[in-house]
Every structure is written in C-alpha cells, then in structure tokens.
Amino acid sequence: MDQPSASRINDFALKVATVNGTGSASANGLLLQALFRMGIPVSGKNVFPSNIQGLPTWYEIRVNKDGYTARSPEFQLIVAMNPESYARDIEEVVSGGWVIYDSSKELDDEFRRDDVTFIGLPLAQMCVEHFQGARARILMKNIMYVGALAALLEIDMDIVKGMLEEKFSHKKHLMDANYQAIDLGYNYVQEHYEHPLPIRLEKMDANRDKVMIHGNAAAALGCVYAGATVGAWYPITPSTSLMDGFTEYCKRFRVDPDTGKHNFCIIQAEDELAAAGMVIGASWMGARAFTPTSGPGISLMSEFIGLAYYAEVPSVFFDVQRTGPSTGMPTRTQQGDIMLCAYASHGDTKHIVLFPGDPRECFEFAVAAFDLTERFQTPVFVVSDLDIGMNDWVIPKLEWDDSYRPDRGKVLSAEQIEELERFYRYLDVDGDHIAARTLPGVHPKGSYFTRGSGHDKYGRYTEDSDAYMEVMDRLLEKVESAADHVPAPEVHRGEEASSIGIVSIGGCHWAVLEARDDLATRGIQVDYLRVRGFPFNQTVDDFLAEHDKVFVIEQNRDEQLRKLLLMETACSKETLYSVTYSGGQPLSKGHVLDGLAPYLEEALMGVGS
Amino acid sequence: MSYITKPVARHPKMPRNALGLTPRDYEGTMSTLCAGCGHDSVTAALIQAIFELDVEPHRLVKLSGIGCSSKTPTYFVRDAHGFNSVHGRMPSIAAGANAANRDLLYVGISGDGDSLSIGLGQFCHAIRRNVNMLYVLENNGVYGLTKGQFSASADIGSTSKAGVANRQGPIDPVNLALSLGATFVARSFSGDKAQLVPILKAGFRHNGFAFVDVISPCVTFNDHKGSTKSYAHTREHMHEVIETDFVPLRAEIKTSYAEGTARAVTMHDGSVVKLRKVDDTYDPTDRGAVLDYLGEVATRGEISTGLLYLEESGEDMHGFENTVDTPLVELPHETLCPGSSALAELQKEWV
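Residues numbered from 1 in each chain as written. Chains lettered and ligands numbered in written order. Predicted model: local features only at pLDDT ≥ 70, side-chain atom pairs only at ≥ 80, totals over all residues.

**Notes on the overall build of chain B**
When helices and strands are tallied, chain B shows 12 helices and 13 strands. Relative to the 2.2 N^0.38 estimate, which gives 20 Å for 351 residues, the radius of gyration of chain B is 21 Å and therefore close to what a compact globule would have. Dimensions along the principal axes, computed over C-alpha positions, put chain B at roughly 75 × 50 × 50 Å. Evaluated residue by residue, chain B yields a buried proportion of 52% over its 351 residues. (Helix = DSSP H or I, 4+ residues; strand = E, 2+ residues; numbered from the N terminus. Rg over C-alpha atoms; globule rule 2.2 N^0.38 Å. Buried ≥ 20, exposed ≤ 12 C-beta atoms within 10 Å, placed from the backbone.)

Below you can see the structure in the form of structure tokens.
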C-alpha cells in the first residue's frame, strides 16, 4: 500500500470535489496556474457532468517533479466540498492520505476512515461571518480552500496573490474579497493544523518556455494561422471551445483596422449536416474552411464527407472525441472515432486523418490539415479528444515560421487557365493522381460541373463502368500517396534492440511514456511508436515488422487502431496484441501496466523482480 | 442523366446583350427531363433572365440538391460553375460558398421534395440567414425520379396517378418563407414566362434570399385530372396578385402606370422593380397584410402569383456577420496570418 505519509515533494495527485455551477472552476484554475508558475510539472483534468448546475463535479491535479503528468487516479488528498459525493470521494483517497472537508456541518461517522487524516475547515461558517450575499458566500468558499491548500501544500502565496491582482485589477472590491478569502483559509490552517503536510510543493524551474493551454484553443489558433476564413459549426461538447477560440482569435487578429469589418465569417449552422455543407461550399470557392465537432457530428456529416471525397473538395473536420456510441457520455473522453473518421461515408471512401497527442500538436496539425486538404483535394480530419481539447496542458511554447505560405495545391490561376486549350477537372495530367482544380469566378474556361454523381475524368456525368472505376482508382491512389505527407510517427527506442513494441495514439501518449519508463526500471525494454497520421506512413509498417510482439494501446472497446493496422499494414494478427481502456477517463499508467501485465508476466518473472 | 452536347447555333439576327452574348451562350446541355416538363420552361426563363441581366457566365454559380429539378443546372449557362450536391442540402453549400466569395451571382434550383421534406431545415435556415441568392423551387407536388410519390406540397385531396388521394396537409413554401422573415417572396407558373422572367431578374438583383416558388407541372406523374399541380388546374386557378416589371440600372423607366396602382422599389444595386398591383389595397411590403391576403385567396382555391413580398433594406448574411467587402477568398495570406511576434505576445497570457 502506498505510504504518502512519507515526504513526497512535488509528487502527488489531489482531487477537488465540488458542485457544478458554484464557481469552483475559477478556484481550480487559480490553483493549477499557481503550481504552473511555481515551475512544477503539473496537469489539471476537469471531470465534469453534462449539466449546468447542481450535479457533482471534480477537478484533478497531478504534480510530478519527473514530468509525468498523465492522469493519476491515486489521490493523496481530496478536497471534499460536496456532501452529495462525500461517500465516493472519501473512499477514493489512498490509505494514509488526507481529506479536507467543510466542518461547518459535522461529518457523519459513516464517512470516517481510520487510515486517512481528516482536516475540517469551517468554510461555510466563515463565509457567513465575513461575506454578504448568497452568491459571494458560495464563490468565496472555493477561494478559501485554495488558501487552505496554500498553507497545507506550501503554495507560494506571493504567486497566488499576484494572480488575483492580475485577474481583478479593474475590480478592486472583488480583489479585496478574494484576498480576504484566501487569507481566511490560509490562517485557519496555520492556527489549527500541522503544516505543511508531508505531501508538499517546492519551486522548480521546469516550466521555462512553456505555456498552459487547452487543445481546442491551440487548434483554433492553428486555423487562424493557416489562414482559414470560414468556420461553420453546430455547438457540441467537447468541441465548442474550439469555435469559441477561433472567434476570440479572429476578433483579435482578423478585424480590418480601417473598417472594423471581419476578415472571417463564422456561421453557426442549424445542424452538423449544414456545417459540413458550408465548409464544402466555402472550400469549393477557394477559402480555407473547417468545422469543429465530435463523434455524433461526424455521423451526421458522413453524407457530405462522401461528397467531398468523391467530388474532391478540400474540407477540414476537427473531431474532438467523446465517449460514444450515440449520445454516450458527452463529458468523458474516448478514442472511439478512429475507424469512423478513416472511412466515413457510404461507398468506397478513405480519408486523411491526423491524431494530435497534445495541444501543441493541435496547433501544428491544424495548419498541416489545411495544407493537406488543399494539396490532396480531399477531406482531412484532425482527431483529438475531450482530454486534449478541453483540459489545460503545459506544453512548450508554440512557434511560428514567418516564411510559411499555404500549400494551395493545384489551383490554376486565370493565366494558367487561359493557356489551356480546354480544362478537365478530373484529369491527372502528370501522374501524381491529383488533378488540377479551378476556382469559381476566376476564368470562363475554368468552369466545370461539380457533382457527387458518377463522373468520368473529364468531369462529365457517367454511368459507364470503366470511366467510373478509373476515377475511383485514382482517388484511392491519391489518398494513399498522402501517407508520406501526414505527420510521421513518433518513435522511441531503447539503447538495445527490443522484440517488444508498443503502438499507441493521441492522448494515450503520456500514460504510455510513463508506463514504458516504469517497465524499463524493472528491466523490460519496450520500443514505442505513436501513430500521428493516416494513411499509415511506411515507418509504421517497418516498426510492426521489426517486433515479435506489438501491444496496441488505445481508448476504445473495439481495438479500432489495432484493426486499422491489421487492415492497412502487412502485419499479422498474431503479432498485434490489444490493450484497451474505454471508461471515459484519460488514460493512466495503471491502465497500461494492468493491460500489459498478463502478456508480460513471463518477461517480468524473467527479470526476477 | 447523360451528358449530351447541344450544338451552339447562332442566328445572325439573334439579340445580343451588353457583353455581346446571345441567349444561346447562356444555354447548357440538352435536357434529359420528360418532354413537356415544366422544369424545362423554368430553365428557359432563367436563360432569358440571365441573358438580359448581362451576367458574365463564369461569374454565375449554379447550385442544386437532388431530384428532377436539381438536374436542371446543367441545362443552362454551360460556362457557369455548377454544383449538384446532396439531397436537401444545397442551401448550406450556397451559404458556405457565398460566405467565401460574395462577389459572384448565386442561383439555387430545388424541388418540393428537396426543399420541403429532406431539406426543410436547410431551406428555413437559409431564409433566416438571408443568404444572398436566387432560390427557385420547382414545385410539382410529386417525386418524379422515384416514380410518383406525393411530396410535402401536395394538396389535401389531390390524387396520384394511381388515383390515391393525399390526406396530409401541404407545406406552402410561400407561406413558410413569409413567416420566416424572407425578404423576397414570389410565386409563379412555369407556363407563364412573361411573368416569371421579370421575377427572376428582380430575384437575382435582390440583396438577400430571393425565393421564387414556381408551380411546375410534372407531365408524367402529376398532370392528370385530380392533381392540383397540373397545367390545367394551375392555369385555371392562378390569381396574379401583382405584375412585376424589372428595370435594370442602366435602362430608362419607360412604362407608365396609373397613379396609385404601381409601386417602385429600388434594389440594392440601384435597379428598380415596378410592381403593378391588381388589387390596389395590396401592399407588397407589409408582411402581415400579405399573409392575410394570400390566406384569403387560398380559401377561394386560387393560387396567388407575382412578386408577393419585397423588403430591400434588410441585411444579408454578410451584414449579420459584418464581413469585409472584399471576398474572403481574395484576402492575401499576409492579411490572414498574425505572424510569429503576435503569437509570442499572445502566449504571454498563457502562463
């Protein structure tokens, strides 16, 4: 059993349990930011209900001096602010840990545990004594536990107060109230409890040149930088903040200074079908256009995705995955849309899919997606998930190369069209499987008819078998040729060659890295490849071929990545083992190790640990 | 739908427009619809209207969904860009295209199945969004390509070819458009080119969503006795509420109307629509009164036609979104990309 009572500096996880809609988000954000500014590797995971107000909600923070910030479900400390979830919250703290609760009301004996320390703070009572009005009393209760934690964990109070000053510089009365609440919590602990706890914080310097941001904001910024001008969307958790971000950055960077008019057009569509149609319409005109959505949206957009594939219209789709099927668990994460995005729509279709593993890649892959969709004239999906999209991550600062110019692919200019004897939309003249396109309104000779019905390479309607297949065969070759252009996989190898490999994807990365290091300390060396794009790069094939056993780690029930690898690479079923977790929480080291354990038993016994 | 090339034959005495083009230059491929189809007459009216408006063919964008009507964009203006999209979803393609390039001229062709059943939502929201386009609904009350099922515009009691009477109430697209706040609402008849052409021209020049419902009989499945969308029934029950005369910007207004019977509405681009009212109490700018009037006419079993409602002062989608006057597709990368120093500045807020 874990013994947290031994001193653990910058190495623990805590969980705050509150009621949704009571303002705890800003208190938790304050907490996370303070730890970030202390230079400590940190992550925050918001575990929230599909609800506006009233249901239990949690915020999980992990600090780790070695930089492991994947979710850890081993909570050394619980801030239990919601009596409704006391039972499960108190049960969750590890033996030897601490529970902070509001002692304004006595804690029922049924919740008591002998193996944890209870720290009662009369928060509600202090709020009533010091603040006026129901709203202030609810809000300040949250800030007060931040103050208490500052004393218990040794959070730098100068940093906390500095943040309050930044936040409330124009609202002095709010700053004063927040200051007071912080002090009340801090002082109560000082007067009544031994502090700091053995789990505590110390300043580090791990966050130099790093920023804290969520993946949806980073992806939105990528769209702005790539030059996207049309965004169409229908609100859906967990992708909504992507369009919120795009709106915010467009207002900041894209308003014409002379006229106040917008160098962008954001359309809130009537549904996801329309959002997809708008993206296709705008891209057909030559704009860079995109839509952010989640799995249910991709289901609805599938008809249009097939049209864009067949008519070869660029279009960018962000799928911030949530737990399916159907409505599923909208506020929990999953990687259940891998297969859906790879082959969305009826008939023979296959798509370019990018899988970012953190917000930095959300930014970079957003830009790449626009280049790829225009170069290959086919839909491109950027598939992240709720954990990457909505949670705040500490990442290296984003960088931008000012020499970047959009890859518009084969778009003919008026001069180029003028020189042609005749323009045929789907004619591959140079053997790279990509036909040149023209944009509407540019030149009379560039006109053509775009259709989702059968067409030949000249763009004419057809019901002729050979003419139809000729185009379809080219489309397959075209999309497959993108394998060398999607982001290459990230490969980690040990010093010595290993016969065991791990293949994973997206946000699994951080838990896999931690588990892999853990195995290494036990003498088990595994190589690791993280897939970042589809169609699969040759490196993926090679990696699979080089290892006798490959474990495919992913967050869905149906082994979607494993099956995609089996279908799209030369590897055999016998070499690919599956480790899945589909419960909706971000992946943690334990999921990986537990999943690997049965297979690695032999190897583990071999090292005699 | 096969691709049949139509020979371009130009008679030396053929009229030419300001661009020096003849109506022939605005034709498309040979229609593959049934002989006598109302839709072909609508196509002819469109060709006439576009010719008369001196539209550069490649600056026209033709959009459609799926169905008999949606095939027609290939039958006019062969040098325009066309997009035959998916069933009921043309309005979203149009909205996206228009968002990206506001300088082109947009025409959407749809049918009653496409707009009033599978695409009802998109139709309604294109109206709310006031996408700047001409939207022609070729309305025959029946599904042609799938052989004669009732559509959502079929009237109660109207019979199918097999003699079955429709029992569900119809969706009247004119009523719907008016109640949704459409800024240009017209109804016409495919058999009345004289009425239809000026309406289409005015619709093209309208700043916003110009909706034209055209009763367009299906000669194969819905032109029998018992149908309320047949040639005979429509001719007999058509009630022209208002006569439309479109006067382009460069032309002099020559027609004179008796005081009090005509109303001139100046369009966004300065051209003028002259509306001569059959009933001098009719006010084509009073939405509530128009709805009441149309209701009364309908209770008499008559079909009101003409440019029934017009509001030229409204904002279109770009007005709502406050987009720049330059088409977004023409903005250079330098204008769109904030650059590395802005990125560094922004990230100071992310610590």
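**Considerations on the overall build of chain A**
Summing up its helical and strand segments, chain A has 19 helices and 23 strands in all. Counting only residues that meet the buried cut, chain A has 55% of its 609 residues in that class.

**Considerations on the sheet that holds strand β8 (residues 209-215) of chain B**
Within the open sheet, the nine strands sit side by side as β17(A)-β2(B)-β1(B)-β3(B)-β4(B)-β8(B)-β7(B)-β13(B)-β9(B). Their pairing is mixed. Each having just a single partner strand, β17 (449-451) of chain A together with β9 (238-240) of chain B make up the two edges of the open sheet. Mean inter-strand twist for the sheet, computed between neighbouring axes without regard to direction, equals 20°. Pairing between strand β1 (residues 60-64) of chain B and strand β3 (residues 105-111) of chain B: five bridges, direction parallel. Across the sheet, the residue bridging to Lys62(B) is Val107(B), located in β3(B). Where helix α3 (residues 90-100) of chain B meets the sheet, it contacts β1, β2 (81-84), β3 and β4 (133-139) of chain B, and its direction lies at approximately 175° from that of β3(B). Of the strands in this sheet, β9 and β13 (303-310) of chain B touch helix α9 (residues 287-299) of chain B, which is tilted by about 175° from β13(B). (Pairing = 2+ DSSP bridges. Axes fitted to C-alpha atoms, helices over the stretch in contact; angles between N-to-C directions. Contact = placed C-beta atoms within 7 Å.)

**Some words on the interface of chain A and chain B**
Listed by partner, the interface residues are 57 residues for chain A and 50 residues for chain B. Those elements giving two or more residues to the side of chain A that touches chain B turn out to be β9 (210-214), α7 (215-226), β10 (230-233), β11 (265-268), α9 (272-285), α10 (295-311) and β17 of chain A. Here the side of chain A that touches chain B gets 10 residues from one element, more than from any other, and that element is α9(A). Broken down by class, the residue content of the side of chain A that touches chain B amounts to 32 nonpolar, 15 polar and 10 charged. Looking at chain direction, β17(A) and β2(B) are connected through three bridges and run parallel. Within β2(B), the residue paired with Phe449(A) across the bridge is Gly82(B). (Nonpolar A, V, L, I, M, F, W, Y, C, P; charged D, E, K, R; others polar.)

**Comments concerning the nonpolar core**
Residues Leu35(A), Ala148(A), Val230(A), Met278(A), Leu354(A) and Phe211(B) are the most contacted members of the largest nonpolar core, which totals 277 residues. In terms of residue count, helix α4 (residues 134-153) of chain A provides more of this core than any other element does, 12 residues in total. When neighbours within four sequence positions are excluded, Leu354(A) is seen to be in contact with Phe365(A), Ala368(A), Ala369(A), Val380(A), Phe381(A), Val382(A), Val383(A), Val486(A), Pro487(A), Arg532(A) and Gly533(A). The next biggest cluster of nonpolar side chains, apart from the first, holds six residues, and it includes Val142(B), Phe150(B), Cys218(B) and Phe221(B). (Core = buried A, V, L, I, M, F, W, Y, C linked by C-beta atoms within 7 Å.)

**Considerations on the domain arrangement of chain A**
All names here are of chain A. As assigned here, chain A comprises domain 1 (8-200), domain 2 (213-396), domain 3 (414-483) and domain 4 (490-606). One C-alpha centre belongs to domain 1, the other to domain 4, and the line joining them spans 36 Å. Domain 1 puts seven residues into the contact, and the matching count from domain 4 is nine residues. For the side of domain 1 that touches domain 4, the class distribution of residues is three nonpolar, two polar and two charged. (Domains from an automatic or database assignment.)

**Side note on helix α18 (residues 560-568) of chain A**
Within the sequence span of α18(A), burial applies to Gln560(A), Leu561(A), Arg562(A), Leu564(A) and Leu565(A). The inward-facing, buried residues of α18(A) contact α11 (338-343), β19 (500-505), β20 (527-531), α17 (538-546), β22 (549-554) and β23 (576-580) of chain A.

**Remarks on the sheet that holds strand β3 (residues 42-47) of chain A**
Residues and elements named next belong to chain A. Within the open sheet, the six strands sit side by side as β3-β4-β2-β5-β6-β7. Their pairing is mixed. Strands with a single pairing partner mark the edges of an open sheet, and in this sheet they are β3 and β7 (117-121). Ignoring which end each strand starts from, the neighbouring axes of this sheet average 15° apart. Of the strand pairs in this sheet, β3 and strand β4 (residues 56-64) are connected by six bridges, and their pairing is antiparallel. Note that in β4 the partner of Lys45 across the bridge is Glu60. Running at roughly 0° to β4, helix α1 (residues 24-37) makes contact with β2 (11-19), β3 and β4 of the sheet.

**A short note on unusual backbone geometry**
Residues and elements named next belong to chain A. Cis rather than trans, the peptide bond between Thr237 and Pro238 has omega equal to 5°. Along the chain, the position of Pro238 falls in the loop between β10 and α8 (240-253). Between Phe534 and the following residue, Pro535, the backbone shows a cis peptide bond with an omega angle of 0°. The residue Pro535 is located in the loop between β21 (533-534) and α17 in this model. Of note, the phi angle at Gln377 is positive, near 50°, even though the residue is not glycine. Backbone geometry places Glu559, a non-glycine residue, at a positive phi of 55°. Mapped onto the elements, Glu559 comes out in the loop between β22 and α18.

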